[in-house]
Every structure is written in C-alpha cells, then in structure tokens.
Amino acid sequence: MAEIRIQDLRKAFGDFVAVERSSFTVRDGDFFVMLGPSGCGKTTTLRMIAGLELPTSGTILLDGEDVTFRRAAQRDIAFVFQLFALYPHMSVRRNIAFPLVCQGMARAEIAAAVQEAARFLRIDHLLDRAVSGLSSGDRQRVALGRAIVRRPKAFLMDEPLGALDAEFRALMCQELRALHERLRATTVYVTHDQLEAMSMADTVAVMNQGAVEQVGPPQQIYDNPVSMFVADFIGSPPMNFLAMPGGLASGERSISVAGGQIEIPPPTAAIPPGELTLGIRPEHISFDDAAAMRAGVVAVEYLGTTQLVTLDTAHGRLKARLPAVTSARVGETVGLAFLTQRLSLFDGATGRAIPVRRPMEALHG
Amino acid sequence: MSGRTGAHSVVEPSPLTRRIAGALVICYALIAIVPLLWIFVTGFKTPPDSIAYPPKMMFTPSLEGYVNLFTTRSRQSPEYMASLPPAETWYDRLARSRNMVIAGPSKYGQRFVNSLVVAFGSTILAVSLGTLTAYAFSRFRVPLADDLMFFILSTRMMPPIAVAIPIYLMYRSLGLSDTWLGMILLYTAVNVSLAVWLMKGFIDEIPREYEEAALIDGYTRLQAFYKVVLPQAATGIAATAIFCLIFAWNEYAFAALLTSGNAQTAPPFIPTIIGEGGLDWPAVAAGASLFLLPIVVFTVILRKHLLRGITFGAVRK
Ligand SMILES: Nc1ncnc2c1ncn2[C@@H]1O[C@H](COP(=O)(O)OP(=O)(O)OP(=O)(O)O)[C@@H](O)[C@H]1O
Ligand SMILES: [Mg+2]
C-alpha cells in the first residue's frame, strides 16, 4: 500500500494544456475520488499516475519514491479502465491470471491466487466462461479481479461504472466501497458523477479545466466550497446563487435585499469591494410569512419525503428543498427565510469563496 | 445494433425487393460458376469429346487429361507398341490406347510447387511487414505519418507492369531472375502497401486500452503486441492474407517475364501445355482446375474471418 504525492503536475498536448498546476496527496489507504466535468483532465492525470502518459512537468511520488519517468510496468499500480479492457480472446480465468503470468509465478500459485480473487468477488463460477458473454456487472468484477489479484501498491479506476446502467451503478458503488473497506488499498477513482463521488470517497478532489480546485472530505466540500464552480458542481439541485450588486462594508453582518436584510455568517477575511454573490443550498431555505424577502412559487416538484419548489425573487430564481408537508401552491407569494450559518459568500468578480466562521463548526469540532 | 425494424424502417427491404435481390444474386452466381464448371468438366473428357460439336453434355469420364498434364509422352509406331511388354499401370495403358508411350513426368508438379512457395512466401512476408508497419503508424507518433501513408499507397498507383523492363534488367544483374527469392521479393513489394493500409484500419479498431492494460500488468510493448494485439487482429490478418495470396497466386505478367526455368510458376506454364502435341484441352482444363484448388481451400479455411474482416470492423463490438 502506498501514498501518492502529486507535485505541480502539468500536461500539455501541443498548445492545449490538459492538466495544470495540480498538486495533491493521496494518503495511504485513502479512497480518493477525482471529480470534474467532462474534459477537465481527470483521465489525463490518472494516466500520468499510471505511467501511460508522461507529464510535461512536475513530479509523481509513490511512497516517497520519484516514479515520474518510470515505465508503467515498474510502478506496481493496477488500472481499471472505463470499458474494462478485458482481453476478448481469453477466458475469465486467463484474464485474471494475465498479470501473474507476467511475473513468472508458478502455475499452482497462479491458480490459487486467481481462485481466491474470484471467490472474493463472487465470480468463481464464471472462471471458465469467455468474457464476451458476460453481463457488464460481471465484466466489471473480472476487471477488478485482474486488478486485485497481484496485490498492487495502488488502484487507479477511470469511471469504472460509466458503462453500467443507473440502477446497477448504485449497487456496484456499494460493492466497490465494501471492497475498499476490506482491502484498505490506496485507490484513486475518477468520475464525473458527483453522487458517486460523495457516496464513496474519503477524499474528493474537484477539478475544473485542468486544475484541481478543492481537495477535502465530501462534507467539507459540500459545506464550504472554495468557489462558485465547486458549489455549483456539487449538490443536486446545485447551490442557488443570488447576485448582490450592493456589496458589503467590512464589519457588516447582513446584506440588504429587496424588502429587507439577510443575516450572514461573519467573514473571517477581508471582503473585496464590488459585487458579491450569496450562495444558498436548496435545503437551507424555508417559508416564513414574516420574512422580508418575498418570492412567487413558479413550480412544485413532489419527491415523496421532500418537494422541490422553484421560486422567483427580485434577485433571481431559486430552488428550495422543503418537507413534503409544507404547503406550496403555484402562483402563491411566500416569504423566504435562510439558515444563516449555512450561507456562503462569493466574490462576484472571481467566483472565489469568502471564508466565513460557522457557529455549527464550533459545535461539531 | 438495436433492432430498428418496423413499418417505417428505411433500412429493411420489402419482401419483393428481397426476392428480386435473391434472383439477381443467383443469376450472377450462375454466370460466374458456369465457366468454372465447364473447365472442371472438360478436365474429365477425352480430347475428342472436348472438341466435339455440338458440345457433349453426357460423356464417359476419363482421366486422360490429368495423365497428359502430369506426363510427357512420345508417339510410337504400332509395330513398336506391339513389341513392348504389357503395360504395368493404368496410366500406361491409357497412354498406349492412343499409341503413346509415357516418357517421364511433366513439369507441372514442379511449377505448382514453385507457385505455392512464391505465393505463400510473399504473402507471409507482406502480411508480417504490413502488420508491424501498420501497428507503428497506428500507435506511435510517427513524424509526417499522413504523408508517409500516402507515399505507401502511391506505390500502388502505377500499374506494376509499367516498370517491368527496369525490374527485368535489375533482376538480371542481381541474379534474382528465375529464382524463388526474386519472385517472393517482387510480390511482397507489390502487396506490402495493400497490407499496410488494410492492417492499419484493423489495428486502429483495436482499443489501445488492451495494450495499456498489458503494459500496466507488467508486459513490455513487444509482449503486449504479441499477446494482445495479434490475437485481436486475427480477422484482419486473415482478410489481408487472402487478398495478398490471390494477387501473388494469379500474377501472370511478371512471372512470364522473369521466370522461365527453375522458378517458373504455374500461370505462365499452363498455356504452354497447349503447344505440346496439339490442342490438348482436357490437360489444360485439368491444370486450371488444380490451380484453383489452393485458393479455394485457403479461403474456405479462413472464411469465418474473411466475412467479418471484409466488413472492416463494422460488426466489431
Ligand atoms: N492524446 C491527446 N492529445 C490531445 N488532446 C488530448 C489527448 N488526450 C486528452 N486530450 C484532451 O485533454 C483534455 C482532457 O482530457 P481527459 O481525457 O483527461 O478529460 P476527462 O476529465 O477524463 O474527461 P471525460 O470525463 O470526458 O473522460 C480534453 O480536452 C482532451 O480533448
Ligand atoms: Mg476520462
């Protein structure tokens, strides 16, 4: 098992920069998820860690050892490809045994290791089948089998669930996480699905246009996004943004909106002059007839225990997640209250978050 | 592919169209097969039957054509024939019934072997070189790759026979005239561009991930090529090999020009049978029938690959 340290990694394809100024550390035994929209450089980063692509600059340390220019074969890392890349001309057994055959392991040992890996993944009954006839879930397990059978230092997985349908994906998410609990192997997992990332990760790295924007545990990223990009990318529906052209004088604890004041958590850094953006998660909005901020109900989406209510305010459109029991009818005008300690503030010009002190954090440590 | 059939499907032909298409295919097959069948049947006629007019549909089959193909014979006087001891073998008897005595084996067998060596030798060489080259073009950043690929294709643009005279002179001074090596090199040179282009298409279709998985699993690039890419490319290799083989097997012009003795292949030899002692059509037909055999066998063996291969990856998952 190993720690992976990435320093100032950069990769350019000709003039196009696919990955830039990336630095982060994957702790030993961590389930590390790289999350980002399509084309942001996740696969390229992963391929550089694996040794399938050489970085333009920067270093990759595996357990403190510089492996930046080592060949893939010498890194002792396993890679699970998006489309699994199972060799179609081999049986399941030979697919799983393939990495061991390369190491020149004795036949009996290989057979035992393959059997063990297969039992571990509950595919031992499929060992003599051809891979072409397998369901995508079983292919997924065979690909995992080929990865775990040689007990590598780390696992790299590039959207391994991308080829599965939604229902099955949820199940495989759980299985992958359970597998990680048992093996405790350092894993770098790439996805563009934020739900997948939030549900599986110990640590999430959010990438945007080739750069890592934020690294941290899922909850920290959800609660304290460092930028409007992260806030918008994480959460479903995403965070609401209200533009506050008035800005904020230092020391002020509330923002004026049409018809009243919204209290905000105390900023812990200097507030830049100019426009601010207020970020509100949908679940931190409630109806309050006494509130100064008024909004018209535009649409109501009933989800069972909760409902999604679309609201029009003087500052823009909002989505609120409310208990299903709250009465909301299209056409109504309601008052809105916000959970003060949960609000986020962003610099309207740069989109960077303005750090605030949240009373709740003090409580939870 | 999902089943896009139904009333509004544009792709699905109507039953009538199908029937017309079927009839056309059968007509074409008949047109193509009848001459072949005629050659095959003529090989089993006697020389008088083969030139009978109107043509004989019913006749007593005879192996005379095949005997004449594989032997050289001399015509003798009836007195001399009578003085000989009784014929020992069926082909001796057959020859004597025409007042002939078998003098020895003909050159057909030797020419046939030459054809096999030259055609299969050049095919193996062209396909191997083509596969390796195509792999390099497909996987590595080759400077000027597109221009080089075009250059390779351009060697096919001129009809090869246009350079027959320079090649003839060159081969003579190099001592390659009338040798197996010379013919193998020549056919390889003609076929290799086709092999590169065909194989490039097939190898482009094989996802890189297969090799990358092997590289990560600890194999070298060459091992990955050998263990992962080659088995995947089997279909393409089979299709390419058949194209190359057909060209090399049937090639006439260069063979007639550059070979005359030791290395002469079957195509220029077969017509010379006609000259030996009158118009021996059954022998020519027998020679042609046997000549078709290797390609038929090779194609039948590889037909599964061929069908998938000629659609150029369209059926690949
Ligand atoms: N070999 C290459 N040559 C040129 N450009 C490349 C190459 N590989 C990737 N790119 C470009 O680099 C960018 C990042 O690609 P990458 O595959 O890392 O994105 P990704 O985050 O994995 O996206 P996705 O979610 O679509 O898989 C893309 O714009 C892609 O077009
Ligand atoms: Mg990708």
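For the structure itself, look to the data block above.
Source: prediction; values computed, not measured. (Residues numbered from 1 in each chain as written. Chains lettered and ligands numbered in written order. Predicted model: local features only at pLDDT ≥ 70, side-chain atom pairs only at ≥ 80, totals over all residues. Heavy atoms only, no water.)

Q: Would you explain the overall build of chain A in this entry?
A: For chain A, the helix and strand inventory stands at 9 helices and 21 strands. The 365 residues of chain A split such that 50% are buried. Counting every atom, chain A has about 16,100 Å² of accessible surface; 51% of that belongs to carbon and sulfur. Here chain A contributes 37 positive and 39 negative side-chain charges, whose respective centroids are spaced 6 Å apart. (Helix = DSSP H or I, 4+ residues; strand = E, 2+ residues; numbered from the N terminus. Buried < 20%, exposed > 50% of the residue type's maximum accessible area, 1.4 Å probe, protein only. Areas by Shrake-Rupley, 256 points an atom, 1.4 Å probe, with all protein chains shown as cover. Lys, Arg positive; Asp, Glu negative; His and termini not counted. Charge placed at Lys NZ, Arg CZ, Asp CG, Glu CD.)

Q: What's the story with helix α12 (residues 234–250) of chain B in this structure? I'm lost.
A: Counting along an α-helix, one turn takes 3.6 residues, and residues three or four places apart therefore face a common direction. Taking 1.5 Å of rise per residue, the 17 residues of α12 of chain B would be expected to cover 24 Å, and the 24 Å separating its terminal C-alpha atoms lies within 8% of that figure. Within the sequence span of α12 of chain B, burial applies to T235, G236, A238, A239, T240, A241, I242, C244, L245, A248 and W249 of chain B. (Expected span 1.5 Å × (residues − 1).)

Q: Mind showing me how you'd approach the sheet that holds strand β14 (residues 276–280) of chain A here?
A: Residue and element names in this part refer to chain A. Taking strand neighbours across the sheet as the criterion, the 4 strands line up as β11-β14-β20-β21 in an open arrangement whose pairing is antiparallel. Only two strands of the sheet have a single partner each, and these edge strands are β11 (240–244) and β21 (353–354). Pairing analysis gives 4 bridges linking β14 to strand β20 (residues 344–347), with the strands arranged antiparallel. What sits directly across from T277, in β20, is F346. (Pairing = 2+ DSSP bridges.)

Q: Looking at this structure, how should I read the layout of surface pockets?
A: The gaps of empty space that remain are located by a probe, the size of a water molecule, rolled over the atoms. Taken as a whole, the second largest pocket holds about 720 Å³ of empty space. Lining the second largest pocket are 22 residues, and of these R47 and L52 of chain A together with R208, E212 and R221 of chain B lie nearest its centre. Among the elements that make up the lining of the second largest pocket, the one with the highest residue count is helix α10 (residues 208–216) of chain B (5 residues). (1 Å grid on protein atoms, 1.4 Å probe; cavity = no way out; pocket = protein on both sides within 12 Å on 5 of 7 lines; lining within 4 Å. Points joined across faces, edges and corners; volume = space filled by probe spheres on them.)

Q: Honestly, the site of ligand 1 in this entry has me stumped. Any pointers?
A: Residue and element names in this part refer to chain A. In the vicinity of ligand 1, the residues found are F13, F16, A18, S38, G39, C40, G41, K42, T43, T44 and E159. In this structure, an oxygen atom belonging to ligand 1 sits 2.7 Å away from a main-chain N or O atom of G39. Here G41 contributes a backbone N or O atom positioned 3.0 Å from an oxygen atom of ligand 1. When ligand 1 is considered free in solution it has 640 Å² of accessible area, and contact with the protein chains removes 60% of it. (Near = heavy atom within 4 Å. Polar contact = N/O pair within 3.5 Å; in protein donor to acceptor, adjacent residues only side chain to side chain.)

Q: In this structure, what is going on with the interface of chain B and chain A? I would like to understand it.
A: For an interface, size is often stated in terms of accessible area lost upon the parts coming together. Opposite the 16 residues of chain B that make contact, chain A presents 24 residues. When chain B packs against chain A, the two sides together hide about 1,700 Å² of surface, and 61% of this comes from carbon and sulfur. The largest per-residue losses of area from chain B upon contact with chain A belong to I216, D217 and Y219 of chain B, which jointly make up 38% of the total buried on that side. Where chain B touches chain A, the interface holds 3 salt bridges. Its salt-bridge partner being D217 of chain B, residue R146 of chain A comes within 4.0 Å of it at the nearest N-O pair. Across the chain B-chain A interface, the total number found is 7 residue pairs in polar contact (both at pLDDT 80 or more). (Contact = heavy atoms within 4.5 Å. Buried area = accessible area lost by both parts, 1.4 Å probe. Salt bridge = Lys/Arg side-chain N within 4 Å of Asp/Glu carboxyl O.)

Just distances and angles here, no functional claims.
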